[in-house]
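Remarks on the overall topology
Here's the letter readout for the chains.
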Amino acid sequence: MAPSLHPLIDNGINKGDPAFPGGTLRCRCPSDQVVVSLKSNVAHNHACGCSKCWKPSGALFSVVGVLPRENVKVEANESKLHVIDSSAVILRNACKECGAHLFGRIERDHPFRGLDFVHIELSDQKGWQEPQFAGFVSSIIEQGYSPEGMNAVRAKFKAEGLESYDALSPPLMDLIATFTAKKAGVKFANL
Ligand SMILES: N[C@@H](CCC(=O)N[C@@H](CSCO)C(=O)NCC(=O)O)C(=O)O
Ligand SMILES: [Zn+2]
Ligand SMILES: [Zn+2]
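Read on for a plain summary of the structure. Each chain carries its own residue numbering, running from 1 in the written order of its sequence. Written order decides the labels, with chains lettered from A and ligands numbered from 1. Per-residue local features of the predicted model are confined to residues with pLDDT of at least 70, and side-chain atom pairs are confined, for both listing and counting, to 80 or more; whole-chain, interface and lining totals are unaffected and use all residues. Excluding hydrogens and water, the side-chain values take into account all heavy atoms of the structure.

1. Quick notes on the site of ligand 1
- Any residue with at least one heavy atom within 4 Å of a molecule or strand is counted as near it. Near ligand 1 lie 14 residues; those nearest to it are His46, Ser51, Ile90, Arg92 and Glu142.
- Polar contact is the term for a pair of N or O atoms within 3.5 Å; when the atoms are in protein, one must be able to donate a hydrogen and the other to accept it, and sequence-neighboring residues count only if both atoms are side-chain atoms. Take Ser51: an N or O atom from its side chain is 2.6 Å from an oxygen atom of ligand 1.
- Here Glu142 contributes a side-chain N or O atom positioned 2.9 Å from a nitrogen atom of ligand 1.
- Computed with the Shrake-Rupley method and a 1.4 Å probe, the accessible areas treat only the protein chains shown as cover for residues. Bound to the protein, ligand 1 loses 81% of the 540 Å² it would expose on its own.
- Only protein atoms enter the calculation, which uses a 1 Å grid: trapped sets of points that fit a 1.4 Å probe without letting it out are cavities, open sets showing protein on both sides within 12 Å along at least five of seven lines are pockets, and any residue with an atom within 4 Å of a point is a lining residue. Think of it this way: if more than half of a molecule's atoms are within 2 Å of a pocket's grid points, that molecule is in the pocket or cavity. The cavity that encloses ligand 1 is the largest pocket.

So, in structure tokens, the structure goes:
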């Protein structure tokens, strides 16, 4: 049987609406949900196989995108949120009761500081940007997925139209490298 990558990918990807203005995320509690409003669509939405991003049960990957942190606002039940690992680069604010991650924020000097990481499956609205690529694919091995199954995982992403990377997509890796180079005072030239 083909592995379950993520419910938003397994049965075909629904294209988002480029004009989608944003919407509301709710945690998975049956009542007193944590509610977060997002005032824009997400960008760089991707499947992530890393060990820290929140995955629905049974899925090998999370689906996570970014948007400017000023577009993210907790509207209800903020007291239920806690940071699950304060030593991580991305401070993931999760519901203490249901475990859903509402947003991840970076406070340290980092190329993605200013962007929050969110899971649009916590919204029941349609139009969010569809997944663009799969990142940190090999990381699922670190969580116990058999290395022999990796060809099937990458083939399934390909069949759904997504490239697999073992870190992030080339544009994001270029952003990280540019940040690192500028910080080190590197001068760019066409060598
Ligand atoms: N093999 C590791 C990789 C973890 C990792 O570097 N994850 C990335 C991507 S998360 C969203 O794309 C990252 O930036 N992590 C920073 C953080 O998680 O705070 C593993 O699987 O853990
Ligand atoms: Zn909850
Ligand atoms: Zn991740």
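2. Observations regarding unusual backbone geometry
- The backbone of Asp32 shows a phi angle near 50°, a positive value even though the residue is not glycine.
- Strands here mean DSSP runs of E at least two residues long; helices mean DSSP runs of H or I at least four residues long; both are numbered from the N terminus. Mapped onto the elements of the fold, Asp32 is located in the loop between strand E1 (23–26) and strand E2 (35–38).
- Phi angles above zero are rare outside glycine, and His44 is one such case at about 50°.
- By the element assignment, His44 lies in strand E3 (residues 43–48).
- Only protein chains enter the accessibility calculation, which uses a 1.4 Å probe; a residue whose area is less than 20% of its type maximum is buried, one above 50% is exposed, and one in between is partly exposed. The partly exposed category is assigned to His44, whose relative accessible area is 31%.

3. Focus on empty space enclosed by the protein
- Grid points are joined across faces, edges and corners, and a volume is the space filled by probe spheres set on the points. Using the criterion set out here, one finds one cavity of 30 Å³ or more in the structure.
- There is about 60 Å³ of room inside the largest cavity.
- A total of four residues in the lining of the largest cavity trace back to one element, the largest contributor, which is strand E8 (residues 101–105).

4. Details of the coordination of the zinc ion (ligand 2)
- Looking at the metal site, the zinc ion (ligand 2) is ligated by Cys27 (SG), Cys29 (SG), Cys95 (SG) and Cys98 (SG), spaced 2.3 to 2.4 Å from it.
- Taken in sequence order, the residues that donate to the zinc ion (ligand 2) follow the motif C-x1-C-x65-C-x2-C. The residues Cys27 and Cys29 share a single accessibility class, namely buried. Ligating atoms shown are N, O and S within 2.8 Å of the metal, or 3.2 Å for Na, K and Ca, and water is not included, meaning a site may look less than complete.

5. Remarks on the sheet that holds strand E5 (residues 72–76)
- Pairing within the open sheet is antiparallel, and its three strands lie in the order E1-E2-E5. Since the sheet does not close on itself, it has two edges, and those belong to E1 and E5, each with one partner. Each strand of the sheet is rotated relative to its neighbour by a mean of 30°, with strand direction disregarded.
- Here E1 pairs with E2 via four bridges, running antiparallel. Counted as the bridge partner of Thr24 is Ser37 from E2. Pairing between strands is defined by DSSP: at least two bridges between them are needed. Angles shown run from 0 to 180 degrees and are taken between the N-to-C directions of axes, each axis being a line fitted to C-alpha atoms and, for helices, limited to the stretch in contact.

6. Details of the layout of surface pockets
- Its boundaries defined by the atoms lining it, the largest pocket holds a volume of some 430 Å³.
- The wall of the largest pocket is formed by 22 residues, among which Ile90, Arg92, Phe117, Phe136 and Leu168 lie closest to the centre.
- The set of elements that each furnish at least two residues to the lining of the largest pocket consists of E3, strand E4 (62–68), strand E9 (115–118) and helix H4 (170–183).
- The greatest single-element share of the lining of the largest pocket, amounting to three residues, is contributed by E3.

7. Here we look at the coordination of the zinc ion (ligand 3)
- The zinc ion (ligand 3) binds to the protein through Cys48 (SG), Cys50 (SG) and Cys53 (SG), with metal-donor distances spanning 2.2 to 2.3 Å.
- Every donor counted, the four donor atoms about the zinc ion (ligand 3) form angles of 97 to 126° at the centre, which fits tetrahedral coordination.
- You can call Cys48 buried: its relative accessible area is 3%.
- Overall, the relative accessible area of 15% leaves Cys50 in the buried class. In these descriptions, tetrahedral denotes four donors with every angle between 85 and 135 degrees, square planar four donors and octahedral six donors with opposite donors over 155 degrees apart and the rest between 65 and 115, and irregular any other case.

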